Amino acid sequence: MSTALAVGYDAEEDRVQLSFTLTDGKRRSVYLTRRITRALVARLTQVAGTTAEVPAAASPQDRRNLAALHHDAVAHRLPISSQPRKPPAEDERPPLVVDIRFARHKSNGRWMLKFVCRERASLTLELTTEMLHGFIELIRRRLPSTGWDLELLSAPADDAHRRVMH
C-alpha cells in the first residue's frame, strides 16, 4: 500500500514521472511515455465510470459526465497538495514503464496497479477507491503541462446529466 503519491512531468525526458512513498518508507519512481500515459488515461476513465455506478440506461455522454462528477466528489475528500519535486539525479533515473495492469482485489475491493518496468522489478500499488481517485486527480492536473493533448474525465459541458442523477 502506498502512503503518498506524486505526479510530475520531466520536460527534458518528455516523460510523466510517478513517485510513490510505500508503507515501508521507501520512495520509488517510474517514467511513463506518452503511449503508456494514453493507455493509463483510457483505463482510468473506465475505472472511474465503474466506481461511479452509473445507471445502465444512461447515454454514453451522461455516463462520462456522471463519472467525472463522481470523481470530483470522491477526489476532493483527500488532501492533495502541490509541492515542487526535485528532478532525479543523473544516476537515479526512474525505470521506464512498458505496461500497466489493473486488477481489483476480491477480498478487500482495493485496486491493484502493476507498473511493469523494463530495467527493474515491477512496482505494484494497492489503492483504496478514494486513493485511486486521488491518483486520477493527480494525473488529471498534470496532463496539461505535458502538451500531449490528453484529457482525463473532462467536466460536463452542460446540465443534461442531471436527469439521470438521484
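As the structure is a computational prediction, the values presented were derived from the model and not from experiment.

Novice: Sorry, what's going on with the environment of alanine 4 here?
Specialist: Tracing the backbone shows alanine 4 in strand β1 (residues 2–10). Between the alpha carbons of alanine 4 and serine 19 there is a distance of 8.2 Å; along the sequence they are 15 residues apart. What alanine 4 contacts, discounting residues up to four positions off in sequence, is Ser19, Phe20 and Thr21.

Novice: Where do I start with the packing of aromatic side chains in this structure?
Specialist: Working definition: an aromatic ring pair is given by the centre-to-centre distance plus the angle between the planes. If you walk through the whole model with that rule in mind, you get two aromatic pairs. Look at phenylalanine 20 and phenylalanine 115: their rings are 5.7 Å apart centre to centre, the planes differ by 35°, and that puts the pair in the tilted class. Of this pair, phenylalanine 20 sits in strand β2 (residues 15–22) while phenylalanine 115 sits in strand β5 (residues 111–117), placing them 95 residues apart in sequence. Owing to a relative accessible area of 0%, phenylalanine 115 belongs among the buried residues under this scheme.

Novice: I'm lost on helix α1 (residues 34–52) in this one. Help?
Specialist: Quick reminder: α-helices carry 3.6 residues per turn. Residues three or four places apart thus point the same way. Relative to the 27 Å expected for 19 residues at 1.5 Å per residue, α1 spans 27 Å between its end C-alpha atoms, a close match to the ideal helical length. Taken as a whole, α1 has its buried residues at Ile36, Thr37, Leu40, Val41, Leu44, Val47, Ala48, Thr51 and Ala52. Within α1, the buried residues cover an arc of 135° as seen down the axis, which keeps them to one side. Looking at the packing, one finds that the buried side of α1 touches β2, β3 (27–32), α2 (60–75), β4 (97–104), β5 and α3 (129–142).

Novice: Just checking my understanding: could you explain the nonpolar core for this structure?
Specialist: Here is a general trend for soluble globular proteins: nonpolar side chains tend to be buried in one another's company. Core analysis: the largest hydrophobic core is formed by 42 residues, its most contacted members being Leu18, Phe20, Leu32, Leu44, Phe115, Phe135 and Ile139. Filtering out sequence-adjacent residues up to four positions away, leucine 44 remains in contact with Phe102, Leu132, Phe135, Ile136, Ile139 and Leu152.

Novice: Is there a simple way to think about α2 in this case?
Specialist: Look at α2: 22 Å from first C-alpha to last across 16 residues, which is about the 22 Å you get at 1.5 Å a residue. Residues of α2 that are buried: Asp62, Asn65, Leu66, Ala67, Ala68, His71, Val74 and Ala75. Here the buried face of α2 lies against α1 and α3.

Novice: Hey, could you run me through the sheet that holds β5 in this one?
Specialist: The strands making up a sheet associate through backbone hydrogen bonding, with each pair oriented either parallel or antiparallel. Taken in spatial order, the three strands line up as β4-β5-β6 in an open sheet, and their pairing is antiparallel. Strand pairing shows two members of the sheet lacking a second neighbour, β4 and β6 (123–127), which therefore form its edges. On average, each strand axis in the sheet is tilted by 15° relative to the strand beside it, whichever way the strands run. Sheet topology note: the β4/β5 ladder contains seven bridges and is antiparallel. Note that in β5 the partner of valine 97 across the bridge is cysteine 117. The sheet contacts of α1 involve β4 and β5, and relative to β4 the element is tilted by about 10°. Of the strands in this sheet, β4, β5 and β6 are in contact with α3, which crosses β5 at around 45°.

Conventions we followed
Residues numbered from 1 in each chain as written. Predicted model: local features only at pLDDT ≥ 70, side-chain atom pairs only at ≥ 80, totals over all residues. Heavy atoms only, no water. Helix = DSSP H or I, 4+ residues; strand = E, 2+ residues; numbered from the N terminus. Contact = heavy atoms within 4.5 Å. Phe/Tyr/Trp six-rings, centres within 6.5 Å; stacked < 30°, edge-to-face > 60°. Buried < 20%, exposed > 50% of the residue type's maximum accessible area, 1.4 Å probe, protein only. Expected span 1.5 Å × (residues − 1). Arc of directions from axis to C-beta. Core = buried A, V, L, I, M, F, W, Y, C linked by side-chain atoms within 4.5 Å. Pairing = 2+ DSSP bridges. Axes fitted to C-alpha atoms, helices over the stretch in contact; angles between N-to-C directions.

What is shown is where atoms sit, not what they do.
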